[in-house]
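# Chains, contacts and geometry: an overview
Given next are the chains, with one letter for each unit.
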Amino acid sequence: MGPLIKEIRSNVVLWLLAFVPVVFVVRQLEPEAHTLLFVLSVLAIVPLATLLSAATESVASKTGDTVGGLLNATLGNLTELVIALAALQAGQYTLVKASIAGAIVANTLFMLGASFLLGGIKYHVQEYNRVSARLQTSLLFLATIAMVTPSMVAQVDSVATSAFTQQLSVGLSVLLISAYAMGLIFSLKTHRELFSGTAHAEEGEAWPMGLALGTLAAVTVLVALISEVFVESVQEAAVAFGMTPAFVGFIVVALVGGAAEMAAAFAGARRDRLDLSVGIALGAASQIALFVAPMMVLLSYVIGPAPMDLLFWPGAVVMVLIATITAFLMTNSGRSAWFVGVLLLMVYLIFAMTIYLLPPQI
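Residues numbered from 1 in each chain as written. Predicted model: local features only at pLDDT ≥ 70, side-chain atom pairs only at ≥ 80, totals over all residues. Heavy atoms only, no water.

## Quick word on the overall build of the chain
- Of the regular secondary structure elements, the chain holds 13 helices and 2 strands.
- In the structure as shown, the chain presents an accessible area of about 15400 Å², 69% of it carried by carbon and sulfur atoms. (Helix = DSSP H or I, 4+ residues; strand = E, 2+ residues; numbered from the N terminus. Areas by Shrake-Rupley, 256 points an atom, 1.4 Å probe, with all protein chains shown as cover.)

What follows is the structure in structure tokens.
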């Protein structure tokens, strides 16, 4: 426990861990204080994300950045999964779809762009494995095609019925999950030599593997529990803050839900471990697109009040498509500098401003 205590003492952000028990106390005493619970849950998720980042880096130092990035993306996406499941059970399919599309865009533009910017401020030029980036952006493009198809058919073909859209969505979900599984086999087993990270100097002292894995498990459970509080309070708090449901799902839920991954990606970039940062950002985006989204469709038949489909509103499809193409173009060289990050962040801010001022009709 020594390295963990030392980390908490030396990092001011981790002092916010005091808000974790406060969230549960307030929830029990004042369950209707939605605005307060919303603020407290955000304050609690931030230090947990930072702690998750430190533990993941220790694991990545022993397993390699490819596996470390996948591990962080998977655990980080648990927050999005919990939020989506809670909204799915409540029948809030608008929030589910907005949060899925928003998470994909936030990971490919905001997380990746901020990583390039933060790393570029410290290092003149950074390098990473472009083969890995190409694989993730290719998987994202596949998922975008699956999102475009139901929307396109519904717009141009009057014969397309609700039953047809649901059947198509189920078929597409199975294909996407299969593609994601085969992508993991390709990158982690049959062709793993292609995805080795760029050599980098080790900085700091890694935690013991047992402590790192134990911290990952404990923090993941806490993030999941606090995410439930966040979901319960976010809609009422949005009204209090004057935010629309589309903006809440696409921007707020996506950013808060991805806080754990972002903390690890930003820390990796600042330590010149851009393979880890790119792996987390693009890996999380492709995991949401090819696993979380289709799982929501399949699980809606079990826990949802009605089946959910992959019919996203046209604006979301266009933004996901543009984000995927932008990420592909910006990562094609395998090198980055701070201005590359600025360009990615500018695209994200254009989308955020558009949704805030003119929310799409879902």
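## Focus: a nonpolar patch on the surface
- Side chains of F141, I145, I325, F328 and L329 sit close together on the surface and give an oily, nonpolar patch of about 460 Å² of accessible area.
- Of all the elements, helix α12 (residues 314-331) adds the most residues to the nonpolar patch, at 3 residues.
- Summarising the element assignment, I145 is placed in helix α6 (residues 130-156).
- Its relative accessible area of 43% is what places I145 among the partly exposed residues. (Patch = residues over 30% accessible without salt bridge, like charges linked within 9 Å, V, L, I, M, F, W, Y side chains within 5 Å. Salt bridge = Lys/Arg side-chain N within 4 Å of Asp/Glu carboxyl O. Buried < 20%, exposed > 50% of the residue type's maximum accessible area, 1.4 Å probe, protein only.)

## Notes on α12
- Helix length check: α12 (18 residues) gives 26 Å between terminal C-alpha atoms against 26 Å at 1.5 Å per residue, within 8%.
- Buried within α12 are the following residues: A316, V317, M319, V320, A323, T324, T326, A327 and T331. (Expected span 1.5 Å × (residues − 1).)

## Overview of helix α7 (residues 162-190)
- The terminal C-alpha atoms of α7, which comprises 29 residues, lie 40 Å apart, in line with the 42 Å expected from a rise of 1.5 Å per residue.
- Along α7, the residues classified as buried are T165, S169, L172, S173, L176, A179, Y180, G183 and S187.

## Observations regarding unusual backbone geometry
- If you check the backbone angles, D272 has positive phi at about 60° while not being a glycine.
- Accessibility expressed as a relative area gives 31% for D272, which makes it partly exposed.

## A few points about the packing of helix α10 (residues 259-270) against helix α11 (residues 274-303)
- Axis separation between α10 and α11 bottoms out at 7 Å; the angle between their running directions is 155°. With respect to α11, the axis of α10 lies roughly antiparallel. Relative to α11, the crossing made by α10 is left-handed. In contact with E261, A264, A265, G268 and A269 of α10, α11 contributes L274, L276, S277, I280 and A284.
- Across the contact of α10 with α11, the residue classes tally to 7 nonpolar, 2 polar and 1 charged. (Axes fitted to C-alpha atoms, helices over the stretch in contact; angles between N-to-C directions. Parallel < 35°, antiparallel > 145°, perpendicular 65-115°, else oblique. Left-handed = near helix turned anticlockwise from the far one by under 90°. Contact = heavy atoms within 4.5 Å. Nonpolar A, V, L, I, M, F, W, Y, C, P; charged D, E, K, R; others polar.)

## Some details on the environment of L349
- Its location among the elements puts L349 in helix α13 (residues 338-357).
- According to the relative accessible area criterion, L349 is partly exposed, its value standing at 48%.
- As for L349 and L109, which are separated by 240 residues in sequence, their C-alpha atoms are 9.3 Å apart.

## A look at the pattern of salt bridges
- On inspection of all chains with the given rule, the structure shows 2 salt bridges.
- For E127, the salt bridge identified is with R335, shortest N-O distance 2.8 Å. Of the two residues, E127 sits in strand β1 (residues 126-127) while R335 sits in strand β2 (residues 335-336), which places them 208 residues apart along the sequence.
- What makes E127 partly exposed here is its relative accessible area of 41%.
- Under the relative-accessibility criterion, R335 is labelled partly exposed at 42%.

## Some points on the packing of α7 against α11
- Between α7 and α11, the shortest axis-to-axis distance is 8 Å and the interhelical angle comes to 140°. By the criterion of interaxial angle, the relationship of α7 to α11 is oblique. For the crossing formed where α7 meets α11, the hand is left-handed. On the side of α7, the interface is formed by Q166, S169, V170, S173, L176, I177, A179 and Y180, while α11 contributes S286, Q287, A289, L290, F291, P294, M295, V297, L298 and Y301.
- Here the contact of α7 with α11 is built from residues that sort into 13 nonpolar, 5 polar and no charged.

## Concerning the confidence of the model for the chain
- When pLDDT is averaged along the chain, the result is 83, and 89% of the positions lie at 70 or above.
- Mean pLDDT across the secondary structure elements of the chain bottoms out at helix α4 (residues 65-89), with 71, and peaks at α13, with 93. (pLDDT = per-residue confidence, 0-100.)

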